[in-house]
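Fold and geometry: a report
The residues making up each chain are set out below.
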Amino acid sequence: MVRPFVPQIVYFEPKALEYPLGKTLYEKFANMDVEIRETTSHNQVRNLPGDNDFQKYRNAKSTLVVGLRKTLKFDTSKPSAEYAIPFATGCMGHCHYCYLQTTMGSKPYIRTYVNTEEIFDAAEEYMKERAPEVTRFEASCTSDIVGIDHLTHTLKNAIEYFGQSEHGRLRFVTKFAHVDHLLDAEHRGKTRFRFSINDDYVIKFFEPGTSRLNERLEAAVKVAQAGYPLGFIIAPIYLHEGWREGYRTMLEKLAEMLPPEATKDLTFELIQHRFTKPAKRVIQKNYPMTKLELDETKRKTKWGRYGIWKYVYTDEEQDEMKQLFLQTIPKLFPKATIEYFT
């Protein structure tokens, strides 16, 4: 079982201590005997311990920076929501394929932002612009926020904030099972709690540092029993020897464990494995022993929305994937919605 995250080093921006959450976190970490340092900015953390890049990368993954989110212009977030809402950046997991490795570059440490009221005020403006339409906010575009929320409770506050909201909805996804503190949040059905799941092979070889499949499914049952709308992202769908059996077993296990009330408003998002050339370089540097298949000659290219070629599976392989999931999911979960396959 993966234990809840505890950072080895915590950096504070001086201004973070002017906010109630900043003060609370400072006291919490001081009492936990965690090493506390100061930094001028969450973008300027240097001198992380380690003799080489490999060690520094691993130490960064257990470093938390407490700061302010200065840019309150939210990115658009498709296909899962209208906007990304930024409560945190970075993740303590070590998923070999993760796109955050390239987007975060030289700053793989985890950042949490304490000016939550300002973030909520900005969200309010976005909601007003679109009212009376509902506006969905995705809280996990740049992080796995559940992984640190047992320390910060930022996500819990956000769930309760959107619970009171007329036109706002919150969504996030996690690979962590540490959800107990979120079960009594007053969500009022306005937050969709999603779990990223995969078959045992992918979790074993490519998702170190995250909760195992059974732990995620047990957490999903708790979340369903707490009345949250539930969803699952199956990502990345990765072709390995025995993949059909692996994914079928995963879905059958899910169907067995979920209580009937959880299957009435269930969503699935399906994302095939893809990579870019820059991502491949970073993955091989950070995880030199990875078994991840990154052979461009076995893939087809697809132009990405960020102006770079992605390597995805061939049309034939994608059809095989679709066939498996688009047949198995409706059979096991007749009331579920498959939101997209990409």
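As shown above, the structure is provided for reference.
What this report covers is the structure whose coordinates are included nearby. (Residues numbered from 1 in each chain as written. Predicted model: local features only at pLDDT ≥ 70, side-chain atom pairs only at ≥ 80, totals over all residues. Heavy atoms only, no water.)

**With respect to the pairing of strand β11 (residues 266-272)**
Selection rule: For every residue, the accessible area (1.4 Å probe, protein chains only) is compared with the maximum for its type, and the residue is labelled buried under 20%, exposed over 50%, or partly exposed between those bounds. In this text, helices come from DSSP runs of H or I with a minimum length of four residues, and strands from runs of E with a minimum of two, each type numbered from the N-terminal end. In short, DSSP must find at least two bridges between two strands for them to pair. A clockwise course of the path from the first strand over the helix to the second, judged with the strands pointing away from the viewer, identifies a crossover as right-handed.
Counting buried positions along β11 yields six of seven residues, so the element is predominantly enclosed. Note that strand β10 (residues 230-237) and β11 share six bridges and pair parallel. Counterpart to Gly231 in the pairing with β11 is Thr267. Handedness of the β10-helix α9 (residues 243-257)-β11 crossover: right-handed.

**Things to note about the side chain of Thr276**
The following threshold applies: Whenever two N or O atoms come within 3.5 Å, that pair is a polar contact, provided that in protein one can donate a hydrogen and the other can accept it, and provided that, for residues adjacent in sequence, both atoms are side-chain atoms. Contacts are assigned to residue pairs with any non-hydrogen atoms lying within 4.5 Å of each other.
By secondary structure assignment, the location of Thr276 is in the loop between β11 and α10 (277-286). Reaching out from Thr276, the side chain makes a polar contact with the backbone nitrogen of Ala279 at a distance of 3.1 Å. Not counting chain neighbours up to four residues away, the residues in contact with Thr276 comprise Ile308, Trp309, Lys310 and Tyr311.

**Notes on the sheet that holds strand β5 (residues 88-89)**
Hydrogen bonds between backbone groups are what pair the strands of a sheet, and the pairing can be parallel or antiparallel. One open sheet accounts for five strands, arranged β2-β1-β3-β6-β5; its pairing is mixed. Single-partner strands in this sheet number two, and they are β2 (35-38) and β5.

**Digging into the nonpolar core**
For the record, the criterion: We call a set of buried Ala, Val, Leu, Ile, Met, Phe, Trp, Tyr and Cys residues a nonpolar core when their side-chain atoms join them within 4.5 Å.
Among the nonpolar cores identified, the biggest contains 91 residues, and Phe232 and Ile234 are the most heavily contacted of them. If one sorts the elements of this core by residue count, helix α8 (residues 213-225) sits on top with seven residues. Setting aside its immediate chain neighbours within four residues, Phe232 contacts Arg194, Phe195, Ile197, Leu217, Ala220, Leu254, Leu258, Leu266, Thr267, Phe268 and Glu269. In terms of nonpolar packing, the next biggest core, distinct from the first, is built from seven residues, Ile9, Tyr11, Leu48 and Ala60 among them.

**Thoughts on the environment of Pro79**
You can see Pro79 is positioned in the loop between β3 (63-67) and β4 (83-84). Setting aside anything within four residues of it in sequence, one finds Pro79 in contact with Arg136 and Tyr340.

**A word on the environment of Ala60**
Here Ala60 is to be found in helix α2 (residues 53-60). Assessed through its relative accessible area of 1%, Ala60 is described here as buried. As for Ala60 and Ala16, which are separated by 44 residues in sequence, their C-alpha atoms are 20 Å apart. If sequence neighbours within four positions are ignored, Ala60 has contacts with Leu48, Pro108, Tyr109 and Ile110.

**With respect to the sheet that holds strand β14 (residues 337-341)**
What counts, and what does not: What counts as an axis is a line fitted to C-alpha atoms, over the stretch in contact for a helix, and the angles between N-to-C directions run from 0 to 180 degrees.
Across the sheet, which stays open at both edges, the seven strands sit in the order β4-β7-β8-β9-β10-β11-β14 with parallel pairing between neighbours. Where the open sheet ends on each side, the last strands, each with one partner, are β4 and β14. Sheet analysis places β11 next to β14, joined by four bridges and oriented parallel. Note on β14: the bridge partner recorded for Glu269 is Tyr340. Packing of α9 onto the sheet brings it into contact with β9 (191-197), β10 and β11, and relative to β10 it is tilted by some 170 degrees. With respect to the sheet, helix α11 (residues 315-332) is in contact with β10, β11 and β14, its orientation differing from that of β14 by roughly 170 degrees.

**Comments concerning a negative patch on the surface**
The line we're drawing: Patch membership needs two things, relative accessible area over 30% and no salt bridge, and members are linked within 9 Å if like-charged or within 5 Å if nonpolar (Val, Leu, Ile, Met, Phe, Trp, Tyr). All accessibility values rest on the Shrake-Rupley procedure with a 1.4 Å probe; residue burial counts only the protein chains present in the view. Note on definitions: salt bridges are taken to be side-chain nitrogens of Lys or Arg within 4 Å of carboxyl oxygens of Asp or Glu. Positive charges come from Lys and Arg, negative ones from Asp and Glu, while His and the chain ends are left out of the count. Just so you know, the charge point we use is NZ for Lys, CZ for Arg, CG for Asp and CD for Glu.
The grouping of Glu117, Glu118, Asp121 and Glu124 at the surface amounts to a negative patch. Mapping Asp121 onto the fold places it in helix α4 (residues 116-130). Residue classification places Asp121 among the partly exposed positions, given a relative accessible area of 49%.

**Comments concerning the state of the cysteines**
Which entries qualify depends on this criterion: Cysteine sulfur atoms that come within 2.5 Å of each other are treated as a disulfide pair.
The final tally for this structure, using the stated rule, is zero disulfides. You can see Cys95 has no disulfide; the closest cysteine sulfur is in Cys98, sitting 6.2 Å from it. Free cysteine Cys141: the closest other cysteine sulfur is in Cys98, separated by 12 Å.

**Description of α4**
Since one α-helical turn is 3.6 residues long, residues separated by three or four positions face the same way. The line we're drawing: What a helix should span is 1.5 Å times the count of its residues minus one. The arc in question is traced by the directions running from the helix axis to the C-beta atoms.
When the terminal C-alpha atoms of α4 are compared, their 21 Å separation across 15 residues agrees well with the 21 Å that a helix rising 1.5 Å per residue should span. Considered for burial, the residues of α4 that qualify are Thr116, Ile119, Phe120, Ala122, Ala123, Tyr126 and Met127. Each buried residue of α4 sits inside an arc of 160 degrees when the element is viewed along its axis, so together they form one side. The exposed set on the far side of α4, more than 90 degrees from its buried face, consists of Glu117, Lys128 and Glu129.

**Quick look at unusual backbone geometry**
Phi is mostly negative for residues that are not glycine, and the peptide bonds are mostly trans. Along the chain, Ala131 connects to Pro132 via a cis peptide bond; the corresponding omega equals 5 degrees. By the secondary structure assignment, Pro132 is in the loop between α4 and β7 (135-138). Omega for the peptide link from Ala235 to Pro236 comes to -10 degrees, which places this bond in the cis form. Of note, Pro236 is situated in strand β10.

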